[in-house]
There are 2 protein chains.
Amino acid sequence: MNIEVCYTPQAYPLFHNPNAIVVVIDILRATSAITTAFFNGVEKMIPVATVEEALEYKNKGYLVAAERNGEVVDGFDFGNSPFSYMNSKVKGKTIAITTTNGTQAIDAAKNAQQIIIGSFLNLDAIVEYLNSEKKDVLFLCAGWKNKFNLEDTLFAGAVVEKLVLIHECTTQCDSALAAMDLYKLAKHNLAEYLANSSHRNRLAKLDLERDINYCLTLNLCPVVPIMEGKFLVKA
Amino acid sequence: MNIEVCYTPQAYPLFHNPNAIVVVIDILRATSAITTAFFNGVEKMIPVATVEEALEYKNKGYLVAAERNGEVVDGFDFGNSPFSYMNSKVKGKTIAITTTNGTQAIDAAKNAQQIIIGSFLNLDAIVEYLNSEKKDVLFLCAGWKNKFNLEDTLFAGAVVEKLVLIHECTTQCDSALAAMDLYKLAKHNLAEYLANSSHRNRLAKLDLERDINYCLTLNLCPVVPIMEGKFLVKA
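Figured I'd write up the structure that's included with this text.

Calculation notes
- Residues numbered from 1 in each chain as written.
- Chains lettered and ligands numbered in written order.
- Predicted model: local features only at pLDDT ≥ 70, side-chain atom pairs only at ≥ 80, totals over all residues.
- Helix = DSSP H or I, 4+ residues; strand = E, 2+ residues; numbered from the N terminus.
- Rg over C-alpha atoms; globule rule 2.2 N^0.38 Å.
- Buried ≥ 20, exposed ≤ 12 C-beta atoms within 10 Å, placed from the backbone.
- Contact = placed C-beta atoms within 7 Å.
- Least-squares fit on C-alpha atoms with pLDDT ≥ 70 in both.
- Pairing = 2+ DSSP bridges.
- Core = buried A, V, L, I, M, F, W, Y, C linked by C-beta atoms within 7 Å.

1. Notes on the overall build of chain A
Looking only at helices and strands, one finds ten helices and ten strands in chain A. A globule of 235 residues ought to have a C-alpha radius of gyration of about 18 Å, and chain A, at 16 Å, matches this closely. Each principal axis of the C-alpha atoms in chain A carries an extent, and together these give about 50 × 35 × 30 Å. Per-residue burial for chain A yields a buried fraction of 54% across its 235 residues. In chain A, once contacts between residues fewer than 6 apart in sequence are set aside, the share between residues at least 24 apart is 79%.

2. Remarks on the relation of the copies chain A and chain B
Rotating chain A by 180° about the axis while translating it 0.0 Å along that axis superimposes it on chain B, leaving an RMSD of 0.0 Å. Such a combination of turn and shift is consistent with a two-fold rotation axis. Taking C-alpha positions as reference, the residue of chain A nearest the rotation axis is A:L182, located at 3.5 Å. Of all interface residues in chain A, 100% are interface residues in chain B too; the two copies therefore contact each other through one and the same surface.

3. Quick look at the pairing of strand β9 (residues 225-228) of chain B
Residues and elements named next belong to chain B. Burial of β9 is one-sided: the residues P225 and M227 facing one way are buried, the residues I226 and E228 facing the other way are not. Two elements, β9 and strand β10 (residues 231-234), share four bridges in a ladder whose sense is antiparallel. Bridging across to β10, E228 finds its partner in F231. Remark: two residues form the turn of the hairpin made by β9 and β10, two consecutive strands paired antiparallel; G229 in that turn has positive phi of roughly 60°.

4. A few points about the nonpolar core
Core analysis: the largest hydrophobic core is formed by 168 residues, its most contacted members being A:V24, A:F139, A:L140, B:V23, B:V24, B:F139 and B:L140. Dropping the residues within four chain positions of it, B:F139 is found in contact with B:V5, B:C6, B:V23, B:I25, B:A156 and B:V159.

5. Here we look at the environment of B:E71
Residue and element names in this part refer to chain B. Topologically, E71 is positioned in strand β5 (residues 71-72). Taking the C-alpha atoms as reference points, E71 and L206, separated by 135 residues in sequence, lie 8.2 Å from one another. Excluding residues that lie within four positions of it along the chain, E71 makes contacts with G79 and L206.

Here it is as structure tokens:
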């Protein structure tokens, strides 16, 4: 079981492994929102890279989420606040979604054998899924506009730590080793550790403290969203 | 004084800052070798990206260093072992050099306002230089074939820590914060911390333990190599 961590979508082609399950990570907030949506009964999601594609789905009558730079794009139903999906009107629905970083990361990995969606909200479910599949794993952090970010790295580190400690995997990937060590430093208080981080500060300016604290909570939504063709569904 | 860390040459265009001094870092072993060369009396170096360019300089009668994948390229005078430069025959000479990662990083930053060469061997000299210049700083890690590596990141973290602690700089760059935290974990025994890292293992297979231990030693060569036109010279 080869384990690697890729810090940005830009670097994905260097890490592409046709045998790996790719875990896409955008903690603040796309993959936390997607995990929450499936836990709350959404049936399918359609991740798209551009606002134009999202608009096409809107014109076809779908519910559509569109976020850019932390805010809901004008004229769309949702952005990427997880709280939008705790709502009975999403149950059984198919929702198209485009976000600044998360859906770009899904798009970057489109040739992967399998893509699953990771967040602190489904940490243990992801660990168990990967452990049962026994395949190579590539963590793909969405980052912020192709720069490294801490919160996505910490989640990758959290899963790597569990795979190494509990399931006796090993890795010589430097970015996986760094992610694991950073998670060990941060895990006793993720919010405090991230207090100086770039994206947390970016969102704090938008008054999203409630979203941030929710996204840093472990195992609230034990589901594994997985790509099947152009759809995300529950595994 | 804005401080950022860029983990790979591939990502450099996202970080380019026309006002920043770029510190190029390739601890194992290009920037350690360059620092050692200047400390031992080399007058100028000419970093080139390709073996073909290096060969042109050889044909013109220059001493030429060429390394690929950790080994001296056939037909050249040196690779990138720092010990090659502890030799009276290099004194006062101009040496052209091409390496797997380090000279690619210098090439990636060629539009920077200023490029200097960092390694653990000149750590404090770099800190003092940056502190006296009081400009923005961008650390550019050479990595390994555009993947993140630990040893370059640790050196960036070492300088950031000193700038933050001693000189009261601040940063909200996530990769700078991560580098600093990783250095805090590693600094009491860099060699032990790096024992599982990818590149250290790659070099260990080539029997370069002596080079590795030398490259992880602090402040043996208090010089600051700086780019002037196509030449590296002593600042």
